[in-house]
Amino acid sequence: MKKNGVNMIKISAKNVDVFYGKKQALFNINLEIEENQVTALIGPSGCGKSTFLRCLNRMNDVIDICNVQGEIVINDFNINDKGCDVVRLREKIGMVFQKPNPFPKTLYENISYGPTIHGMAQSKQEMDEIVETSLKKAALWEEVKDRLHEPGTGLSGGQQQRLCIARAISVQPEVILMDEPCSALDPIATAQIEELIDELKKEHTIIIVTHSMAQAARVSQNTGFFHLGELIEHGSTDKIFKNPENNKTQDYITGRFG
Amino acid sequence: MNKNKEKLLAKRYSSEKRFQFLGKSAIFMALLFLAFFIFKIFSTGYTAFQKTWLIVPVNFDAETMYLDTNPSKEDLEDADYFEISLQSMFNLDKNANEKQQNELKKMVSYFFEREIKQELINDPSLLGKTKDIYITASDDLDQVFKGNYPRDLPEKQRRVTDYQLKIFDQLVEQGKVESKFNLSFFTYPDSREAELAGIASSFMGSIFSILVCLAIAFPVAVLAAIYLEEFAPKNRFTDFIEVNINNLAAVPSIVFGLLGLGILLAVFQLPRSTPLVGGITLSLMTLPTIIIACRASLKAVPPSIREAALAMGASRMQTTMHHTVPLSMPGTLSGTIIGLAQALGETAPLILIGMVAFVNTIPGSPMDPAASLPVQIYIWAESAERGFVEKVSACIMVLLGFLIVMNLFAQIIRHKFEKKWS
Ligand SMILES: Nc1ncnc2c1ncn2[C@@H]1O[C@H](COP(=O)(O)OP(=O)(O)OP(=O)(O)O)[C@@H](O)[C@H]1O
Ligand SMILES: [Mg+2]
């Protein structure tokens, strides 16, 4: 959605610090994520990309020693507030993990799980519809429509990852977080997922962590570069790749380190 | 250089061969012991499933029983069967003197009067007639017929007299001795007389104990394990609890027996010798086993499944109940079965809470006094009579059968779950 030719801001992180115990993993991150755009997070291993991504749906709550400070505002609401309900938050912010992790249940149950716990379908028909549209959006429907009641773990790696994407979009989240969604996949499956991401950005805001510069350049409109827990530079993908301001960004993109 | 390498290679191969040989012989040894054990038990125990009967003509004489010709049901119940029972035994040898008559009487179980009574109650038309009735032979004759009894000992060292043997051999010749399946071994409670002793009381006692144990230990252990594994914060206090659960699993079972004695019987005044107390005591023993098994299988559920559920907006409770716990169930159940199997074979704590008492009734509920299978084995193994030797082995067979059925059951459950979850 554009307002006066400028993209709306969906998420804005203000002064975010993250600690694992005493060790600080993220330093004063300030980043704005535009609605209905793909934002890529890049940077060398261990620089805190996953940590930042997990801040956005409060998945870091699961880790006992992890402590997040600062503000993360989504829809004018600071999700780090005490009053924030993580269950509602995670309904709005879906996540796709590095390794495909379907539930060891049937394909149908995998997709219907989210809508079930959030009470999104009133009848079996409605649920069937949700399952079908989710699978169609994830470009998996044609391949699996005849075996919806077989276990999801029986699919190939790429199919499993698309199943996980279908699962994530089944609850119609506003934002989808993807942590290296293609790192376990072959180039063909990767291409399929990239195509999918392009399609999904019409309805969802997407943030993707990736180690592949090429992938970031292909799928994203905006890019943020992390290094040693700091956000070194962010802006439009074009600018970051063609004309970065910071030397470190330049070095990383041209493959001189990382 | 090359030679050295070859030498080394040969050495590596031979060491592998040596290891394989040792491994195979270890397995062979184990199987040998097992085969020997099973052979021993079966060869001494299988005869217990047969019982010897004497077929004796009984004259249901109304007058001797103080009955009129058309008695009511109550009359039949109250009639005097002693005389006709005695007479039918004495009739086996019309010329017997008093001492011999006494010996004749002892050739059958002391239940013979009741067996004869039952016959008439089942068929009142027998009144006034004579019929051949099956009567349980005494345990010594039972052993004689099964060939387990040393007949060539001098008479003084035998419990069977020469006279009894003579009459018995005559009966055998006339085809009046029969061996039939020993149903009473399964339907009768324990008895001082080997020919009448059965496992009904101890079997039911074991079932009730196990059920009480399961009903208490399983929910408590699973809840504790889920809480500790999925919800409890990891701090010193929970570490302390974890260490102590492991300690609890290593406590000798007799200590739990003392606990049952001191607390359940002395403080709470629960009824002694009952499966209720036995089951509670056993559940204390089983609790840590199930907790440890359940925690281990919860730990084995990949964290990615939990993350997937949480990221879908499931609460912690939902993640646990919808995903983690069902996935951990096969492991938990098999741990539970192992714990119950241990409890099933446990003797010492049950002896302490009085389940070793002689019980000649079949318990109808966990509140009735009962024995248990392993305690029954212990009681019979202590008895001097020859008739109990085979019963010990037979009871072991039943116990083993019980365990095999339990394991089979566990396997089936496991199989079903695994099919469903992967
Ligand atoms: N659960 C944890 N406990 C303690 N430290 C952690 C934990 N997770 C991450 N860290 C630390 O936080 C820092 C950032 O980790 P993070 O996983 O965010 O890096 P990343 O950029 O995603 O790396 P990669 O590209 O390898 O996935 C690292 O130094 C890591 O050691
Ligand atoms: Mg990462």
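Look up: the structure comes first, before these words.
To continue, consider the pairing of strand 11 (residues 222-227) of chain A. Residues and elements named next belong to chain A. With six of six residues buried, strand 11 is to be regarded as a mostly interior element. Burial of strand 11 is two-sided: the residues N222, G224 and F226 facing one way and the residues T223, F225 and H227 facing the other way are all buried. Pairing analysis gives four bridges linking strand 5 (residues 38-42) to strand 11, with the strands arranged parallel. Looking at the pairing, T39 lines up with N222 of strand 11.

Another aspect to go through is the side chain of S12 of chain A. Residue and element names in this part refer to chain A. Mapping S12 onto the fold places it in strand 3 (residues 9-20). By relative accessible area, which is 9% here, S12 ends up buried. S12 has contacts with L31, E32, E71, I72 and V73, leaving out every residue within four places of it along the chain.

This next bit is on the sheet that holds strand 4 (residues 23-34) of chain A. Residue and element names in this part refer to chain A. Taken in spatial order, the four strands make up an open sheet running 4-3-6-7, and their pairing is antiparallel. In this open sheet, the two strands that pair with only one neighbour each are strand 4 and strand 7 (77-78). The pairing of strand 6 (residues 66-74) with strand 7 spans two bridges and is antiparallel. When the bridges of strand 7 are listed, I74 appears paired with F77. Running over the sheet, helix 1 (residues 49-56) touches strand 3, strand 4 and strand 6 and is turned about 120° from strand 3.

Next up on the list: the site of ligand 1. Residues and elements named next belong to chain A. Every one of the 14 residues lining ligand 1 counts as a neighbour, but S45, K49, S50, T51 and H211 are closest to it. Here Y20 contributes a side-chain N or O atom positioned 3.4 Å from a nitrogen atom of ligand 1. The contact in question runs from an oxygen atom of ligand 1 to an N or O atom on the side chain of E180, over 3.3 Å. Within the complex, the protein chains bury 65% of what would otherwise be the 620 Å² of accessible surface of ligand 1. Of all the secondary structure elements, the ones that give two or more residues to the shell around ligand 1 are strand 4 and helix 1. Of the residues forming the shell around ligand 1, the biggest block, three residues, is contributed by helix 1.

Turning to the pairing of strand 10 (residues 205-209) of chain A, a few remarks are in order. Residues and elements named next belong to chain A. Counting buried positions over the five residues of strand 10 gives five, a clear majority of the element. Neither face of strand 10 is exposed, since T205, I207 and V209 on one face and I206 and I208 on the opposite face are all buried. Sheet topology note: the strand 5/strand 10 ladder contains four bridges and is parallel. Considered in strand 10, the bridge of T39 is made with I207. Two strands pair when backbone bridges link them, and strand 9 (residues 175-179) and strand 10 are joined in this way by five bridges, in the parallel orientation. Of the residues in strand 10, the one forming a bridge with V175 is T205. Crossover handedness for the path strand 9 to helix 7 (residues 187-200) to strand 10: right-handed.

The subject of this paragraph is the interface of chain A and chain B. Contacts between the two partners involve 25 residues from chain A, matched on the other side by 19 residues from chain B. Between chain A and chain B, a total of about 1,800 Å² is buried, with carbon and sulfur atoms accounting for 65% of that surface. Ranking the residues of chain A by area buried against chain B places F103, P104 and Y113 of chain A at the top, with a combined share of 30%. Seen at the junction of chain A and chain B, the total is one salt bridge. Residue R54 of chain A pairs with E307 of chain B through a salt bridge whose shortest N-O separation is 3.0 Å. The interface formed by chain A and chain B contains five residue pairs in polar contact (both at pLDDT 80 or more). Elements with a contribution of two residues or more to the side of chain A that touches chain B: helix 2 (86-92), strand 8 (93-96), helix 3 (107-117) and helix 6 (157-169) of chain A.

As a further point, take the sheet that holds strand 5 of chain A. All names here are of chain A. Spatially, the six strands line up as an open sheet ordered 8-9-10-5-11-12, and their pairing is mixed. Of all the strands in the sheet, the pair left with one neighbour each is strand 8 and strand 12 (230-236). Across the sheet, the mean angle from the axis of one strand to that of its neighbour is 15°, orientation sign disregarded. The strands that helix 1 touches are strand 5, strand 8, strand 9, strand 10 and strand 11; relative to strand 9, the one it contacts most, it runs at about 155°.

Quick look at the packing of helix 13 (residues 303-311) of chain B against helix 14 (residues 316-344) of chain B now. Residue and element names in this part refer to chain B. Here helix 13 crosses helix 14 at 145°, and the two axes come no closer than 9 Å. For the pair helix 13 and helix 14, the sense of crossing is right-handed. Mapping the contact onto sequence places I305, R306, A309 and L310 in helix 13 and R316, T319, H323, T324 and L327 in helix 14. Among the residues making up the contact of helix 13 with helix 14, the classes are represented as four nonpolar, three polar and two charged.

Another aspect to go through is the state of the cysteines. In the structure shown here, the tally under the stated rule is zero disulfides over all chains. For C164 of chain A, which is in no disulfide, the shortest distance to another cysteine sulfur is to C182 of chain A and amounts to 12 Å. In this structure C213 of chain B is not part of a disulfide, and its nearest cysteine sulfur, from C294 of chain B, lies 15 Å away.

Residue and element names in this part refer to chain B. Enumeration over the complete set of coordinates arrives at 14 aromatic pairs over all chains. When the ring of Y110 is compared with that of F111, the centres are 5.7 Å apart and the planes differ by 85°; the resulting orientation is edge-to-face. Residue Y110 is classed as exposed on the basis of its relative accessible area, which comes to 52%. Take F111: its relative accessible area is 15%, and that puts it in the buried class. Of the aromatic side chains, those joined through ring pairs into one cluster are F49, F181, F185, F186, W380 and F388. The ring centre of W53 lies 5.4 Å from the NZ or CZ of K180, which sits over that ring.

Ranked by internal contacts, the top residues of the largest apolar core, which has 40 residues, are F185, I199, L373 and W380 of chain B. When residues of this core are assigned to their parent elements, the largest contribution, 10 residues, is made by helix 17 (residues 387-421) of chain B. Every residue in contact with L373 of chain B, bar those within four places of it in the chain, is listed here: I199, S202, F203, S206, C395, V398, L399 and F402 of chain B. Of all hydrophobic cores here, the second largest spans 39 residues; its members include A40, V131, A189 and A216 of chain A.

What counts, and where the lines are drawn
- Residues numbered from 1 in each chain as written.
- Chains lettered and ligands numbered in written order.
- Predicted model: local features only at pLDDT ≥ 70, side-chain atom pairs only at ≥ 80, totals over all residues.
- Heavy atoms only, no water.
- Buried < 20%, exposed > 50% of the residue type's maximum accessible area, 1.4 Å probe, protein only.
- Helix = DSSP H or I, 4+ residues; strand = E, 2+ residues; numbered from the N terminus.
- Pairing = 2+ DSSP bridges.
- Contact = heavy atoms within 4.5 Å.
- Axes fitted to C-alpha atoms, helices over the stretch in contact; angles between N-to-C directions.
- Near = heavy atom within 4 Å.
- Polar contact = N/O pair within 3.5 Å; in protein donor to acceptor, adjacent residues only side chain to side chain.
- Areas by Shrake-Rupley, 256 points an atom, 1.4 Å probe, with all protein chains shown as cover.
- Right-handed = clockwise from strand over helix to strand, strands pointing away.
- Buried area = accessible area lost by both parts, 1.4 Å probe.
- Salt bridge = Lys/Arg side-chain N within 4 Å of Asp/Glu carboxyl O.
- Left-handed = near helix turned anticlockwise from the far one by under 90°.
- Nonpolar A, V, L, I, M, F, W, Y, C, P; charged D, E, K, R; others polar.
- Disulfide = S-S within 2.5 Å.
- Phe/Tyr/Trp six-rings, centres within 6.5 Å; stacked < 30°, edge-to-face > 60°.
- Lys NZ or Arg CZ within 6 Å of the ring centre and 35° of its normal.
- Core = buried A, V, L, I, M, F, W, Y, C linked by side-chain atoms within 4.5 Å.

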